[in-house]
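What follows is each chain in one-letter form.
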Amino acid sequence: MAIKRLIIAIDGPAGAGKSTIASRLARHLGYVNIETGAMYRALALKAIESDIGFDEEPALVSLAGNSHIDLEPRRIRERDVTEAASQVSVHPGVRQWMVNRQRGMGVAGGVVMEGRDIGTKVFPDADVKIFLDAAPEVRGERRYRQQGPVVPVSISAAAQKNAATVAAEMRQRDERDRSRANSPLVPAPDAVIIDSTGLTIEQVMEQVESIIAEKQRVSALAT
Ligand code: DC
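Predicted model only: the values in this text are computed from it and were never measured.

A. Spotlight on the side chain of Arg180. Considering the arrangement of structural elements, one finds Arg180 in the loop between helix H8 (157-179) and strand S5 (192-195). Side chain to side chain, Arg180 and Ser89 meet in a polar contact 3.3 Å long. A distance of 3.1 Å separates a polar side-chain atom of Arg180 from the backbone oxygen of Asn182.

Below, the structure written as structure tokens:
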């Protein structure tokens, strides 16, 4: 009996562990991992380079329409692009373009797609929906470690300030992502919410894998 190739949606705020979990899961299952945040980041980077304002929706939509996205892994992670991605992603026209592309990429299944609106908007019928969250201070620290310098054991005053700035900026972007009119960051009603605050990556993986195994067992019984 063939095992169905699932559409797995992983949503949640920055620093909750989505990318780590999604990429491990995809590797483990032999699925494609699609990080939709990178698509918004790529458009944001192109807007910066083309001198297009982040509030110019029609220009952003036509910029997207004339693009094919090649990811520059390093530059799209920088602070200005991170901030710009949050701003360009509020526009309904930009989101529609992205959602159409994302549906095309995932419709055949065998995909772990992570972002903010995968379970609510891109694939409301996804086979598995996980909403990964964590306490804001933990997420801030994880983000800082991801993008900041290696922090020595005794953190200098300057580094502490930097960590606080990163956390404050992240909270501001989170607030924008959660409160925007179009596809705000909210768990889908049928998502399983995992709080990764006190958990290791392995513990989160265990929970996610057991949710998927259960789904596969139920769908095998149904066929
Ligand atoms: O996941 P990330 O930090 O790379 O995402 C960058 C920005 O893109 C984030 O501020 C919100 C936005 N985004 C979105 O609105 N919808 C998605 N599906 C993915 C990201």
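From this point on, the discussion continues.
B. Seen up close, helix H2 (residues 36-49). With 14 residues, H2 extends 20 Å from end C-alpha to end C-alpha; this agrees with the ideal 20 Å at 1.5 Å per step. With 10 of 14 residues buried, H2 is to be regarded as a mostly interior element. Residue Asp51 follows H2 closely and has a positive phi angle near 60°.

C. Region of interest: the site of the ligand. Close to the ligand lie 15 residues, the nearest being Arg41, Arg95, Arg116, Asp117 and Arg180. Here Asp117 contributes a side-chain N or O atom positioned 2.8 Å from a nitrogen atom of the ligand. Relative to its unbound accessible area of 450 Å², the ligand is 97% covered by the protein chains. Put simply, the ligand lies in the largest pocket.

D. Layout of the pattern of salt bridges. A complete count under the given rule lists 14 salt bridges for this structure. Taking the shortest distance from any N to any O, the salt bridge between Arg79 and Glu169 comes out at 3.0 Å. Here Glu169 lies in helix H8 and Arg79 lies in helix H4 (residues 79-88), a separation of 90 residues in the sequence. Between Asp174 and Arg139 there is a salt bridge whose closest N-O contact spans 2.7 Å. Here Asp174, found in helix H8, pairs with Arg139, found in helix H7 (residues 136-147); they are 35 residues apart in sequence, far enough to count as distant. Per residue, the accessibility class of Asp174 equals that of Arg139, and both read buried. When salt bridges with common partners are traced through the structure, they connect Arg75, Glu78 and Asp80 into a single cluster.

E. The arrangement of the sheet that holds strand S4 (residues 128-133) in detail. Pairing in this open sheet of five strands is parallel, and the strands run S2-S3-S1-S4-S5 from one edge to the other. Each of the sheet's edge strands pairs with one partner strand only, and the pair in question is strand S2 (32-35) and S5. Sheet twist, expressed as the mean angle between neighbouring strand axes with direction ignored, is 20°. Pairing of S4 with S5 involves four bridges; the strand directions are parallel. Bridge pairing in S5 places Phe131 opposite Ile193.

F. Molecular detail of the layout of surface pockets. Its boundaries defined by the atoms lining it, the largest pocket holds a volume of some 730 Å³. Forming the boundary of the largest pocket are 40 residues, of which Ala14, Gly15, Lys18, Ser19 and Arg143 lie nearest the centre. Counting residues per element, the ones that place at least two in the lining of the largest pocket are helix H1 (18-29), H2, H4, strand S3 (111-115), H7, H8 and helix H9 (201-222). At five residues, H2 tops the list of elements feeding residues into the lining of the largest pocket. Looking at the lining of the largest pocket residue by residue, the classes come out as 12 nonpolar, 14 polar and 14 charged. Taken as a whole, the second largest pocket encloses approximately 170 Å³ of empty space. As for the second largest pocket, its lining consists of 14 residues, and the residues nearest its centre are Ala42, Leu43, Lys46, Ile69 and Asp70. Among the secondary structure elements, those contributing two or more residues to the lining of the second largest pocket are H2 and helix H5 (92-106). Here the lining of the second largest pocket gets five residues from one element, more than from any other, and that element is H2. Within the lining of the second largest pocket, the residues separate by chemical class into eight nonpolar, two polar and four charged.

Rules of the game
Residues numbered from 1 in each chain as written. Predicted model: local features only at pLDDT ≥ 70, side-chain atom pairs only at ≥ 80, totals over all residues. Heavy atoms only, no water. Helix = DSSP H or I, 4+ residues; strand = E, 2+ residues; numbered from the N terminus. Polar contact = N/O pair within 3.5 Å; in protein donor to acceptor, adjacent residues only side chain to side chain. Expected span 1.5 Å × (residues − 1). Buried < 20%, exposed > 50% of the residue type's maximum accessible area, 1.4 Å probe, protein only. Near = heavy atom within 4 Å. Areas by Shrake-Rupley, 256 points an atom, 1.4 Å probe, with all protein chains shown as cover. 1 Å grid on protein atoms, 1.4 Å probe; cavity = no way out; pocket = protein on both sides within 12 Å on 5 of 7 lines; lining within 4 Å. Sits in = over half its atoms within 2 Å of the grid points. Salt bridge = Lys/Arg side-chain N within 4 Å of Asp/Glu carboxyl O. Pairing = 2+ DSSP bridges. Axes fitted to C-alpha atoms, helices over the stretch in contact; angles between N-to-C directions. Points joined across faces, edges and corners; volume = space filled by probe spheres on them. Nonpolar A, V, L, I, M, F, W, Y, C, P; charged D, E, K, R; others polar.

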